[in-house]
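Topology and contacts: notes
Chain residues, written in single-letter form:
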Amino acid sequence: MSKSANESDLHAIEIQLGRAPRDIHAIAFRCPCGNPAVVETQPRLSDGTPFPTFYYATCPNLTARISTLENSSLMSDMNERLANDAELLGNYHAAHDDYLAARSALGIAVPELADTSAGGMPDRVKCLHALVAHSLAAGPGVNPLGDEALAQVDGWWQNGDCISRRAEQRSEREESSK
């Protein structure tokens, strides 16, 4: 269940991303250490840009592990399975519908995004980050390919507190640039 982001969350997300967060609606999932890991982003950014990625992974421990998966053959394998497995394709379409419904529940009309979710849904795999973020936010059993990718990054949070590590790295960079 998502929860509004407070100032501490927004500060943590800024450290995670290395930039100010944009148009965060809520925290959709927290890392076991308590830091935000997935946020819900407004479907229309404050500058007017449509933004289809409603669930956005922010934790660098998580995104690094997902990036490693994206460099493997996993996405190609998933796309091949989608092309040959009607049941999987149907479940993936249902995940797409869930994603659209969650974003629509905000009540912010963005006609440009009416049938657009993220990650390649409903018929291909284009971004595992979006699929894993959806799985973490929606819970198990909603996005079958997101769940599958998430299982392969099990223990992603065990790399330590990303906020402390990133804050130290930022301080070191600022100090060395003086």
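Here the structure is shown first, and the text comes after it.
Definitions and limits used
Along each chain, numbering runs from 1 in the same order as the chain's sequence is written. Confidence filtering applies because this is a predicted model: local features only for residues at pLDDT of at least 70, side-chain atom pairs given and counted only at 80 or more, and all residues used for totals across whole chains, interfaces and linings. Side-chain metrics rest on all non-hydrogen atoms present in the structure, leaving aside hydrogens and water. Strands here are runs of E lasting at least two residues and helices are runs of H or I lasting at least four, both read from the DSSP assignment and numbered beginning at the N terminus. Our radius of gyration is a C-alpha quantity, and the globule rule it is checked against amounts to 2.2 Å times the number of residues to the power 0.38. A simple rule labels every residue: compare its accessible area, found with a 1.4 Å probe on the protein chains alone, to the largest value its type can have, and call it buried under 20%, exposed over 50%, or partly exposed in between. Any pair of residues with heavy atoms lying within 4.5 Å of one another is described as a contacting pair. Here, Shrake-Rupley sampling with a 1.4 Å probe gives the accessible areas, and only protein chains in the shown set may cover a residue. The charge count treats Lys and Arg as positive and Asp and Glu as negative. His and the chain ends do not count. To locate a charge, the coordinates of NZ of Lys, CZ of Arg, CG of Asp or CD of Glu are taken. Paired strands are those between which DSSP finds at least two bridges. The angle between two axes is taken between their N-to-C directions and runs from 0 to 180 degrees, where each axis is a line fitted to C-alpha atoms and a helix contributes only its stretch in contact. Salt bridges are identified by distance alone: a Lys or Arg side-chain nitrogen within 4 Å of an Asp or Glu carboxyl oxygen.

**Focus: the overall build of the chain**
The number of helices and strands found in the chain is 7 helices and 3 strands. Reading the chain from its N terminus to its C terminus gives the helix and strand order α-β-β-β-α-α-α-α-α-α. For 178 residues, the compact-globule estimate of 2.2 N^0.38 gives 16 Å, and the chain sits close to it at 17 Å. Each principal axis of the C-alpha atoms in the chain carries an extent, and together these give about 55 × 35 × 25 Å. In the chain, buried positions account for 40% of the 178 residues. In the chain, the share of contacts with a sequence separation of at least 24, taken over all contacts with a separation of at least 6, comes to 57%. Surface accessibility of the chain: about 9,200 Å² in total, with carbon and sulfur atoms responsible for 48%. In the chain, 15 side chains carry a positive charge and 24 a negative one; their mean positions are 6 Å apart.

**Details of the pairing of strand β2 (residues 36–41)**
Within a regular strand, the side chains alternate between the two sheet faces. Burial runs high along β2: 6 of the 6 residues are buried. Between the end of strand β1 (residues 24–30) and the start of β2, which pair antiparallel, lie 5 residues, with G34 showing a positive phi angle near 105 degrees. Direction of pairing for β2 relative to strand β3 (residues 55–57): antiparallel, over a ladder of 3 bridges. Pairing of V39 across the sheet is with Y56, part of β3.

**Comments concerning unusual backbone geometry**
A cis amide bond links M121 with the next residue in sequence, P122, at an omega value of 15 degrees. As for its position among the elements, P122 is in the loop between α4 (86–104) and α5 (128–138). Located in the positive-phi region is D23, a residue other than glycine, with phi close to 50 degrees. Within the secondary structure, D23 is located in the loop between α1 (7–17) and β1. In this structure D23 comes out as partly exposed when scored by relative accessible area, which is 24%.

**Overview of the sheet that holds β2**
The strands making up a sheet associate through backbone hydrogen bonding, with each pair oriented either parallel or antiparallel. Spatially, 3 strands are ordered β1-β2-β3 in an open sheet, and the strand pairing comes out antiparallel. The open sheet has two edge strands, β1 and β3, and neither has a second partner. Adjacent strand axes in the sheet meet at a mean angle of 35 degrees, parallel and antiparallel pairs treated alike.

**Overview of the pairing of β1**
Across 5 bridges, β1 lies against β2 in antiparallel orientation. Bridge pairing links I24 to T41 in β2.

**Considering the pattern of salt bridges**
Per the counting criterion, the structure on display carries 3 salt bridges. Notably, a salt bridge pairs D9 with R30, separated by 2.8 Å at the nearest N-O pair. Of the two residues, D9 is situated in helix α1 and R30 in strand β1; the sequence distance between them amounts to 21 residues. We classify R30 as partly exposed; its relative accessible area is 30%. Note that E112 and R44 form a salt bridge whose closest N and O atoms lie 2.8 Å from each other. You can see E112 sitting in the loop between α4 and α5 and its partner R44 sitting in the loop between β2 and β3, a full 68 residues away along the chain. Looking at E112, the relative accessible area reads 46%, which means it is partly exposed.

These figures come from the coordinates and say nothing about function on their own.
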